[in-house]
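A look at the structure
The residues making up each chain are set out below.
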Amino acid sequence: MPDSSLTPKNYLGVPVERPKVAFFELSSCEGCQLQILNNESSLLAFLDLIEIVRFREAMSGGGDDYEIALVEGSVTRPDEVERLKLIRAQARLLVALGSCACFGGVNQLKNRFPLDWVKREVYGEHPIETAPARPLADFVAVDLKIYGCPIKKEEVERIVTDLVIGKEIVYPDYPVCMECKANGNLCLFELGEPCLGPVTRAGCDAWCPNSRAGCWGCRGPATEANLAQMLAIMDERGFSRETVIDRLECFGGFASQVAALRAAGGHR
Ligand code: SF4
Ligand code: SF4
Ligand code: SF4
């Protein structure tokens, strides 16, 4: 009988080194981590590829000898800055997992309001120390970003697999519309709904339009996104500039474009 501990692990028949991976959450809903656990059809093969040493949603305890750290959530408290720096010091590769980690995500909506007002309205008699929500890259070097709110579990598995086998990570550089049309969807504009698909980075397989819901841009801008044309389409279809801005700023990925729009148009 061969000693099974000496048998190399493999993925789809290819022997691979199994990197030690840890998952962390800062200010977040933990929905991105949940997505990974939800991927029952390929979860076991995925776990064969990596060695998970820390994953609060899936196991108790956890080690600190990881090589790859997948960090979910935005930074909103001073203790999170310290925690993030410790993770960075340990990890060979730090991955921002989801829109909160990449852009600030839905958490950054609070940055539009005075912080004292946010503390009073949200926490009332039980104030906590909280600061404007910011992405990981504002504090530490981020090696890789995995976009989406939540992330698309199939995309995470593809990216981690590529990392492990040493393949170049390639993101789609086209917008969500490409995936939407490939799926044969009726365009939501024809149904009178706004949609940010023309300017948003693909990779979600047009998740929202597939269910007849317009895109809110959770994955941030596509390469060479033509925002001027997006605005022209919205104008032509009768959607106000504030409707467009509300969508663009929902997840934080279009922050620079929104700032330019406000500067140009005097919007609030
Ligand atoms: S990106 Fe979305 S799903 Fe992921 S942690 Fe943030 S709010 Fe939750
Ligand atoms: S529904 Fe949205 S993503 Fe689909 S084709 Fe129309 S604008 Fe593009
Ligand atoms: S369609 Fe837009 S909002 Fe929906 S998951 Fe894809 S990028 Fe995010």
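Counting starts from 1 at the beginning of each chain's written sequence and moves along it residue by residue. Here the convention is simple: chains get letters from A, ligands get numbers from 1, in the order in which they are written. Reporting in this predicted model follows two pLDDT cut-offs: at least 70 for local features of residues, and 80 or more for side-chain atom pairs to be given and counted; totals over whole chains, interfaces and linings ignore these cut-offs and use all residues.

1. Some points on the overall build of the protein chain
Applied cut-off: Helical segments are the DSSP runs of H or I of at least four residues, strand segments are the runs of E of at least two, and each set is numbered from the N terminus. Each radius of gyration is computed over the set of C-alpha atoms, and the globule rule expresses the reference value as 2.2 Å times the number of residues to the power 0.38. Burial in this document is a count-based property: other C-beta atoms within 10 Å of a residue's C-beta are tallied, and the residue is buried at 20 or more, exposed at 12 or fewer, or partly exposed in between, with C-beta positions derived from the backbone. Placing C-beta atoms from the backbone, we regard two residues as in contact once those atoms come within 7 Å.
Of regular secondary structure, the protein chain possesses 11 helices and 7 strands. Against the 2.2 N^0.38 benchmark of 18 Å for 268 residues, the protein chain shows a C-alpha radius of gyration of 20 Å, consistent with a compact globule. C-alpha extents for the protein chain along the principal axes are approximately 70 × 50 × 25 Å. Looking at the protein chain residue by residue over its 268 residues, the buried ones come to 35%. Taking all contacts inside the protein chain whose residues are at least 6 apart in sequence as the whole, residues at least 24 apart take part in 74%.

2. Quick notes on the domain arrangement of the protein chain
Cut-off, in case you're wondering: Note that the domain bounds were set by an automatic or database domain assignment. Three categories are distinguished: nonpolar for Ala, Val, Leu, Ile, Met, Phe, Trp, Tyr, Cys and Pro, charged for Asp, Glu, Lys and Arg, and polar for the others, with Gly belonging to the last.
Assigned domains within the protein chain: domain 1 (4-165) and domain 2 (176-265). In this structure, domain 1 and domain 2 have C-alpha centres spaced 26 Å apart. Taken together, the contact between domain 1 and domain 2 spans 12 residues of the former and 11 residues of the latter. The element best represented in the side of domain 1 that touches domain 2 is helix 4 (residues 99-103), accounting for 3 residues. Of the residues contributing to the side of domain 1 that touches domain 2, the split by class is 5 nonpolar, 5 polar and 2 charged.

3. Looking at the sheet that holds strand 4 (residues 51-54)
Where we set the bar: Should DSSP find at least two bridges between two strands, the strands are taken to pair. Comment: axis = line fitted to C-alpha atoms, over the contacting stretch for helices; angle = value between 0 and 180 degrees taken between N-to-C directions.
The sheet built from 5 strands is open, its strands ordered 4-3-5-6-7 with parallel pairing. In the strand order of this sheet, the two ends are held by strand 4 and strand 7 (144-146), each with one partner. Within the sheet, the average angular offset between the axes of one strand and its neighbour, ignoring direction, is 25°. Two elements, strand 3 (residues 20-25) and strand 4, share 3 bridges in a ladder whose sense is parallel. Counterpart to A22 in the pairing with strand 4 is R54. Contacts between helix 3 (residues 78-90) and the sheet are confined to strand 3, strand 5 (68-72) and strand 6 (93-97), with strand 5 contributing the most and set at about 155° to the helix.

4. A closer look at helix 6 (residues 153-165)
Which entries qualify depends on this criterion: In this analysis, the expected span of each helix is defined as 1.5 Å times one less than the number of residues it contains. Regarding the arc, it is the one traced by the directions from the helix axis to the C-beta atoms.
The terminal C-alpha atoms of helix 6, which comprises 13 residues, lie 18 Å apart, in line with the 18 Å expected from a rise of 1.5 Å per residue. All of the buried residues in helix 6 are K153, V156, I159, V160 and L163. Angularly, the buried residues of helix 6 cover 125° about the axis, an arc narrow enough to put them on a single face. On its buried face, helix 6 is in contact with helix 1 (31-37) and strand 7. Backbone geometry just downstream of helix 6 places G166 in the positive-phi region, at approximately 80°.

5. Comments concerning the site of ligand 2
Using the following cut-off: By definition, a residue lies near a molecule or strand when the C-beta atom built from its backbone is within 6 Å of it.
In the vicinity of ligand 2 lie 14 residues, with C177, C180, C187, C195 and G197 positioned nearest. Tallying contributions element by element places helix 7 (residues 176-182) first for the shell around ligand 2, with 4 residues. Its residues assigned to classes, the shell around ligand 2 shows 11 nonpolar, 2 polar and 1 charged.

6. A closer look at the site of ligand 1
Around ligand 1, 13 residues are found, and the nearest of them are S28, G31, G98, C100 and C149. Mapped by element, the contributors of at least two residues to the shell around ligand 1 are helix 1 and helix 4. When the residues that make up the shell around ligand 1 are grouped by side-chain class, the tally is 6 nonpolar, 6 polar and 1 charged.

7. A short note on the nonpolar core
For clarity, the threshold we go by: What makes a nonpolar core is a set of buried Ala, Val, Leu, Ile, Met, Phe, Trp, Tyr and Cys residues, with links drawn between C-beta atoms within 7 Å.
Counting residues in hydrophobic clusters, the biggest one holds 54 residues, and the most contacted among them are A69, L70, V71, V95, A96, L97 and I146. Domain assignment of the residues forming this core places at least three in each of domain 1 (4-165) and domain 2 (176-265). In this view, I146 contacts V95, A96, L97, G98, I151, E155, V156 and I159; residues no more than four positions away in its chain are not counted.

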